[in-house]
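# Coordinate analysis (summary)
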Amino acid sequence: MIISNQPLSTSRGKLYDQVHRIVQSTPALDMHTHLYDPAFGDLLLSGIDEQLVYHYLVAETFRSSTMGYEDFWKLPRAQQADHVWSTLFQERSPISEACRGVLTSLHLLGLETGPKSLPSIRQWFKEQDRESFVSRCLEIANLRGVCMTNSPFDPEEKAVWDQSPSRDSRFQTGLRLDPLLLDWPVAGKTLADWGYEVSEDMGGTSVVSVTRFLEDWRDRIHPLYLMVSLPPDFTYPADDHTTRMLQQVILPFCRASGLPLALMIGVRRSVNPFLQLAGDGVGRADLSALQCLCAENQDVKFLSTLLSRENQHELCVLGRKFRNLHIFGCWWFTNVPSMIQEMTRMRLELLGTSFTAQHSDARVLDQVLYKWDHSRRVIADVLTDKYFDMQQTGWPLSEEIIRADVTHLLGAGFEGFCS
Ligand code: RAT
Ligand code: ZN
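The text that follows walks through the structure, step by step, so that each part is easy to find.

The zinc ion (ligand 2) binds to the protein through His32 (NE2), His34 (NE2) and Asp361 (OD), with metal-donor distances spanning 2.0 to 2.1 Å. Between consecutive donors of the zinc ion (ligand 2), the numbers of intervening residues give the motif H-x1-H-x326-D. Judged by its relative accessible area of 17%, His34 is buried.

This next bit is on the nonpolar core. Within the largest apolar cluster, 138 residues are counted, with the highest numbers of intra-cluster contacts made by Leu180 and Ile250. Counting residues per element, this core draws most heavily on helix 17 (residues 367-391), at eleven residues. For Leu180, the residues in contact, after removing those within four places along its chain, are Phe153, Ala187, Leu191, Val210, Phe213, Leu214, His241, Met245 and Ile250.

Okay, the sheet that holds strand 3 (residues 171-172) next. If you trace the three strands from one edge of the open sheet to the other, you get 1-2-3, paired in parallel fashion. The sheet terminates laterally at strand 1 (28-30) and strand 3, the two strands that pair on one side only. Here helix 17 sits on the sheet in contact with strand 1 and strand 2 (143-147), set at roughly 125° to strand 1.

This part covers helix 11 (residues 184-193). Within helix 11 the residues assigned to the buried category are Trp184, Ala187, Gly188 and Leu191. Projected down its long axis, helix 11 carries its buried residues within an arc of 100°, all on one side. Projecting away from the buried face of helix 11 at angles above 90 degrees are the exposed residues Pro185, Lys189 and Asp193. Turning to helix 11, the residues buried within the fold contact helix 10 (178-182), helix 12 (206-221) and helix 13 (241-257).

Within this model, the largest pocket holds a volume of roughly 990 Å³. His34, Tyr36, His55, Leu277 and Arg363 are the residues nearest the centre of the largest pocket, which is lined by 37 residues in total. For the lining of the largest pocket, the element with the highest residue contribution is helix 3 (residues 55-64), accounting for three residues. Taken together, the residues of the lining of the largest pocket break down into 17 nonpolar, nine polar and eleven charged.

Once that is clear, we can look at empty space enclosed by the protein. Per the stated rule, a full pass over the model turns up one cavity of 30 Å³ or more. Empty space within the largest cavity amounts to approximately 50 Å³. Tyr56, Glu97, Asn335, Ile340, Tyr370, Lys371, His374 and Ser375 together form the lining of the largest cavity. Ranked by residue count, the leading element in the lining of the largest cavity is helix 17, at four residues. When its residues are assigned to classes, the lining of the largest cavity shows three nonpolar, three polar and two charged.

Bringing the site of ligand 1 into the picture now. The environment of ligand 1 is made up of His32, His34, His55, Tyr56, Arg176, Ser229, Met264, Arg269, Trp331, Trp332, Asp361 and Arg363. Ser229 is positioned with one of its side-chain polar atoms (N or O) 2.6 Å from an oxygen atom of ligand 1. Between an oxygen atom of ligand 1 and a side-chain N or O atom of Trp331, the distance comes to 3.0 Å. Isolated, ligand 1 exposes 300 Å² of accessible area, and the fraction of that covered by the protein chains is 98%. For the shell around ligand 1, the residue count by class is four nonpolar, four polar and four charged.

Where helix 5 (residues 77-90) contacts helix 7 (residues 118-126), the axes come no closer than 12 Å and their chain directions differ by 140°. Between helix 5 and helix 7, the angle is such that the two are oblique. Crossing hand, helix 5 versus helix 7: right-handed. Along its contact with helix 5, which presents Ala78, Ala81, Asp82 and Trp85, the element helix 7 presents Leu118, Ile121 and Arg122.

Conventions adopted
- Residues numbered from 1 in each chain as written.
- Chains lettered and ligands numbered in written order.
- Predicted model: local features only at pLDDT ≥ 70, side-chain atom pairs only at ≥ 80, totals over all residues.
- Heavy atoms only, no water.
- Donors = N, O, S within 2.8 Å, 3.2 Å for Na, K, Ca; no water.
- Buried < 20%, exposed > 50% of the residue type's maximum accessible area, 1.4 Å probe, protein only.
- Core = buried A, V, L, I, M, F, W, Y, C linked by side-chain atoms within 4.5 Å.
- Helix = DSSP H or I, 4+ residues; strand = E, 2+ residues; numbered from the N terminus.
- Contact = heavy atoms within 4.5 Å.
- Pairing = 2+ DSSP bridges.
- Axes fitted to C-alpha atoms, helices over the stretch in contact; angles between N-to-C directions.
- Arc of directions from axis to C-beta.
- 1 Å grid on protein atoms, 1.4 Å probe; cavity = no way out; pocket = protein on both sides within 12 Å on 5 of 7 lines; lining within 4 Å.
- Points joined across faces, edges and corners; volume = space filled by probe spheres on them.
- Nonpolar A, V, L, I, M, F, W, Y, C, P; charged D, E, K, R; others polar.
- Near = heavy atom within 4 Å.
- Polar contact = N/O pair within 3.5 Å; in protein donor to acceptor, adjacent residues only side chain to side chain.
- Areas by Shrake-Rupley, 256 points an atom, 1.4 Å probe, with all protein chains shown as cover.
- Parallel < 35°, antiparallel > 145°, perpendicular 65-115°, else oblique.
- Left-handed = near helix turned anticlockwise from the far one by under 90°.

Here is the structure:
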């Protein structure tokens, strides 16, 4: 054996170009969005006005605008969008991540932007054919699929499912269960209205009926996974409805069906109710709940993403302990380049490639353009560093190996975990 401890003189610039090219050209599966199959009509949002009234931008607008909350919410959508534009794009530089996102999306669509460009941008969007715009966005973002957030408790969405829409296979489903776990008085009443025999105290036939409700929706929408967003003070086990629902219905259902349960933890709902959807905040969670769930239910698969930066290291350590836990994405307030960089680096260092690097959480179709463009750049930067260090030991690297790793990080790892 030849012994050599000389670092290899591989060119960092060449590696950087190669990794960036591969990360850009590898199709991704966007495993959590709030987008809808075009068959859901107006529920699929797109266009400049929807981009501008995205709740990330509304929150930023109110930091600089003196307009009353009620006065803003009373305005028609286009005028709300005008106000966001004048406040964030005309009166100051659109430098925040959410503002930059709008500019990137427009740029990737080939549109010119500047403080006076809103009318021409609006006109351009008016002229787009919906079907081809969907394909164009998915193609530019290089997405092979997007997973929706499907809630049976949303009357508008349920009305569409009731019509058995003819579906677009690029849009996959995720079954959202927040009311079942967090608001039983409302969820129970709704189930009762739909003919499921449930009682307020979850006694009698409730467990059987809620399980049947889950089976019905599984058979109806074929979800990739079940999901819920939880507050930072989520505790498990606890003497409360959430634990009972998990232990008696959700976990047995996941065990029997093989479907993973996604736990998105850390959102404090409505810390400023005047901001409506933009009013949610973040809190640091106690991860002993997730640890306990993974430890007690090793035959159930859990997906998790956490909102608080302070929880990310602990989550990686949990990932090392439990192979039934798959970590994904940089969620919401962590979906900014500095956090994506830090979290991706830490995850690669602690978990290798056994996680899913990103999801978009897009609510407006056009947002997949910027969310994936920005994330892919950061992911490629971090991967370049990691491959460079690896190569310095003499370990061989090839185009195929990098592509296989990136494919895994951008969706195939998640699919493998689910299957
Ligand atoms: O990112 C968002 O748009 C949030 O408002 C939430 O929807 C969050 O992603 C969630 O799924 O609860
Ligand atoms: Zn979401």
